[in-house]
Protein chains: 2
Amino acid sequence: MRLTVDKEQFLKAISAAGHAIASKTPNPIMSNLKLELNERGVEITGSNADMTIRATVPYRLGEREIIRSPGYGATLINAHLLTEVVRRMEGTEISLDVIDESIAKIDDGRSSFKLNCAKADEYPDIDLEPTGVALDLPCADFITLVEQSAFAASTKEQRPVLTALNLEAGNGSLVATATDSARLAQKTLAIDSEERFRCNIPAKIASDVIRLFGPDERLTLSVSENRILFVFGNTVVASRLVSGDYPVTKAIIPQTFNYYLEVNAQELLSAMSRVSLISAEKEFVVKLTMQSDDVEISAKSESAGSASEHLHIFSYTGERLSVSFNSLFVIDAVRALKSEDVILQFQAEMKPFVAKNPKDPTSIELITPMRTY
Amino acid sequence: MRLTVDKEQFLKAISAAGHAIASKTPNPIMSNLKLELNERGVEITGSNADMTIRATVPYRLGEREIIRSPGYGATLINAHLLTEVVRRMEGTEISLDVIDESIAKIDDGRSSFKLNCAKADEYPDIDLEPTGVALDLPCADFITLVEQSAFAASTKEQRPVLTALNLEAGNGSLVATATDSARLAQKTLAIDSEERFRCNIPAKIASDVIRLFGPDERLTLSVSENRILFVFGNTVVASRLVSGDYPVTKAIIPQTFNYYLEVNAQELLSAMSRVSLISAEKEFVVKLTMQSDDVEISAKSESAGSASEHLHIFSYTGERLSVSFNSLFVIDAVRALKSEDVILQFQAEMKPFVAKNPKDPTSIELITPMRTY
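Each value, and the rule that gives it
- Residues numbered from 1 in each chain as written.
- Chains lettered and ligands numbered in written order.
- Predicted model: local features only at pLDDT ≥ 70, side-chain atom pairs only at ≥ 80, totals over all residues.
- Heavy atoms only, no water.
- Contact = heavy atoms within 4.5 Å.
- Buried area = accessible area lost by both parts, 1.4 Å probe.
- Salt bridge = Lys/Arg side-chain N within 4 Å of Asp/Glu carboxyl O.
- Polar contact = N/O pair within 3.5 Å; in protein donor to acceptor, adjacent residues only side chain to side chain.
- Helix = DSSP H or I, 4+ residues; strand = E, 2+ residues; numbered from the N terminus.
- Nonpolar A, V, L, I, M, F, W, Y, C, P; charged D, E, K, R; others polar.
- Pairing = 2+ DSSP bridges.
- Patch = residues over 30% accessible without salt bridge, like charges linked within 9 Å, V, L, I, M, F, W, Y side chains within 5 Å.
- Areas by Shrake-Rupley, 256 points an atom, 1.4 Å probe, with all protein chains shown as cover.
- Lys, Arg positive; Asp, Glu negative; His and termini not counted.
- Charge placed at Lys NZ, Arg CZ, Asp CG, Glu CD.
- Buried < 20%, exposed > 50% of the residue type's maximum accessible area, 1.4 Å probe, protein only.
- Axes fitted to C-alpha atoms, helices over the stretch in contact; angles between N-to-C directions.
- Parallel < 35°, antiparallel > 145°, perpendicular 65-115°, else oblique.
- Left-handed = near helix turned anticlockwise from the far one by under 90°.
- Expected span 1.5 Å × (residues − 1).

S.K.: Just to check I follow, could you spell out the interface of chain B and chain A for this structure?
M.R.: Counting from both sides, the interface comprises 31 residues of chain B and, opposite them, 31 residues of chain A. Interface area lost by chain B to chain A is led by B:Arg110, B:Arg274 and B:Leu277, which between them contribute 28%. Where chain B packs against chain A, one counts 6 salt bridges. A salt bridge links B:Glu309 to A:Arg110; the shortest N-O distance between them is 3.6 Å. Linking chain B to chain A there are 23 residue pairs in polar contact (both at pLDDT 80 or more). Contributing elements (two or more residues each) for the side of chain B that touches chain A: α2 (79-88), β11 (111-118), α5 (265-275) and β23 (305-310) of chain B. Broken down by class, the residue content of the side of chain B that touches chain A amounts to 10 nonpolar, 12 polar and 9 charged. Bridge count for strand β11 (residues 111-118) of chain A against β23(B) is 5 bridges, and the pairing is antiparallel. Following the sheet pairing, A:Ser111 is matched in β23(B) by B:Glu309.

So this is what it looks like as structure tokens:
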């Protein structure tokens, strides 16, 4: 294997594929990137037990030649070392030449590295061909979908299915749901497709994948029984799916409410993050006490003391109501909505309540209150 | 105790004093800041086993009133909680009122906190009155002194005296020396004083203290047998001294050399940090091979491979010479010199060598070579 390649494009691809390399792996071969030069360009693959990322550096990008002097072949090079070496090289082009299948000569005309490498056939065969149902959408839409839902997934492994982001496509919409059972976040996206599927993507992988998207790219999802493929730009990401039935969430989300509080999102966030300093040792519990002419946010703790403040800008409809909750859940939810104002809708003191963007009904953030003093 | 205080000045003072609070302390009372309002202003003290910081917020700064409505007194408040609460408050003024010696009411007109506090007399008496020899110099000079020396101190506790920065004043100069026995850094400062003293300051504390200095401030050092005081702006820092005789370093620093390499500092740093990627597992050893028409930096490792590059801009005087060393030591030394070019001076392959700024003889960085392949 032999090529001369644009440094910036090469670094981008090895960095992307490197995201899939686990820092500790029982199988040392998996700490390598696989580099394969073929008719499509140089395909760079990194993989761990949960996901595989393959980024391809093409021969040309528009008018620009990216790869010169190609000699087909494949090799395995330590991901961390290769990435650091290429990152610190100063030339704009890098030549890579694999000698005797055991040494990769990397040269930018200034620095010359000979990195030990391994034979490509020691790497597992990873099939990244699209299979199953396919759905095409703008990357930007999928970013919104994940950002407004995935944060609510569980980080604990007791119920593995709750560590997933549930995707459900059908009837022209794609719905993403995450819940750790104390809160739930759901985002609905209108899609130009009648495809139907359901799958549970590890929420952490969903959040990682969206960081690899380039601007204005389109995304194709390919969903089969055990895995999902994300195809975008010159990159393919394969993720395992979480098995198990995702809880039916429709019945959980209340539809009618008795109390409505509309507030400036930033004012609510600032007040809650201040007041909850007091209850940091008690799951950041704060109490929201609402009546038509006053909204108070307060917290108490035996060790720290107490805090209270009143919102300046709000509109409240309903009888006087006090609700206590983990303020981090409400902070996450309000941040995810990314709106200027938010509306909080309640049924009763101890019933789950909803945070929404008043101008966008497609995001629902549900939070279960807590019992307090 | 009662006062209304400018938020920004108060936050600056509690943040400064908070630097002395250890994250874990066997004595819970020491996780508090002591606040004492007296005729000088509000004195805020934080302390751990090694150092004490007292920052004073004065009644006035020039024309500006900083403290209003004072009622003398003292209290102890949890440092972390107080700092976070004040940091997040939005008002420009904060009122603090201690009730029954057990609750500190903190209010900015918007948020209202009642923080549990403790009686001031539970705090140890810490004497911060200057004693011993005094030396006055610009803070900026002391920053240079520490930055060009303290990094070479040992971080291991086997020989406690090597964890210190040695200061020696006399004959119109102040010399700072640090060594971990594999390298040494020494900076000499001309001072306008005939005072004489020697002391060993914990190097970490020296590096921490200089971050508290304000622009254009002057520093007074007060050195007595067991402690040093740093007095600057409205702040006093007391540090314990490390006991034990500091090694005599004069004999270690070579005075005559046989080989001289002058290079661009940035080119040397880039090349060494690249090449040493190969030997990360072997103490980042690199080999510098110099002759009149070529300077090569190279590294080898059984597991990773090898690397080599040649410097473009250099001037070398002497026979051909190869020297191997821990590149991190040379990188630290060259960075500390902060000069455009550096000169490396050698006696022989296995003798300690010196890195210097060719335009400034007051900094000496000494590095012991390593034996390699």
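Moving on from the coordinates now.
S.K.: Honestly, a negative patch on the surface in this entry has me stumped. Any pointers?
M.R.: Residue and element names in this part refer to chain A. On the surface, a cluster of negative charge is contributed by Asp100, Glu101, Asp121 and Glu122. Summarising the element assignment, Glu122 is placed in the loop between β11 and β12 (133-138). A relative accessible area of 47% means that Glu122 is categorised as partly exposed.

S.K.: Can you help me understand the packing of helix α1 (residues 7-18) of chain A against helix α2 (residues 79-88) of chain A in this one?
M.R.: The angle between the axes and the distance between the axes are what describe a pair of packed helices. Residue and element names in this part refer to chain A. At a closest axis distance of 10 Å, the pairing of α1 and α2 adopts a crossing angle of 155°. It follows that α1 is roughly antiparallel to α2 by the angle criterion. Between α1 and α2 the crossing geometry is left-handed. Here α1 contributes Lys7, Phe10, Leu11, Ile14 and Ser15 to the contact with α2, which in turn contributes Leu82, Thr83, Val86 and Arg87. By residue class, the composition of the contact of α1 with α2 is 5 nonpolar, 2 polar and 2 charged.

S.K.: Where do I start with α1(A) in this structure?
M.R.: Structural remark: α-helix, 3.6 residues per turn; residues separated by three or four positions point the same way. Compared with the 16 Å implied by 1.5 Å per residue over 12 residues, the 16 Å span of α1(A) between its first and last C-alpha is a close match. When we look at burial in α1(A), the residues that qualify are A:Lys7, A:Gln9, A:Phe10, A:Leu11, A:Ala13, A:Ile14, A:Ala16 and A:Ala17.

S.K.: Whenever I open this one, the pairing of strand β3 (residues 41-47) of chain A confuses me. Can you help?
M.R.: In the case of a regular strand, side chains alternate between the two sheet surfaces. All names here are of chain A. Of all 7 residues in β3, 7 are buried; the element is thus mostly enclosed. Examined bridge by bridge, strand β2 (residues 32-38) and β3 share 5 bridges and lie antiparallel to one another. Each bridged residue has a counterpart across the sheet, and for Glu36 the counterpart in β3 is Glu43. Linking β2 back to β3 in an antiparallel pair, the connection comprises 2 residues.

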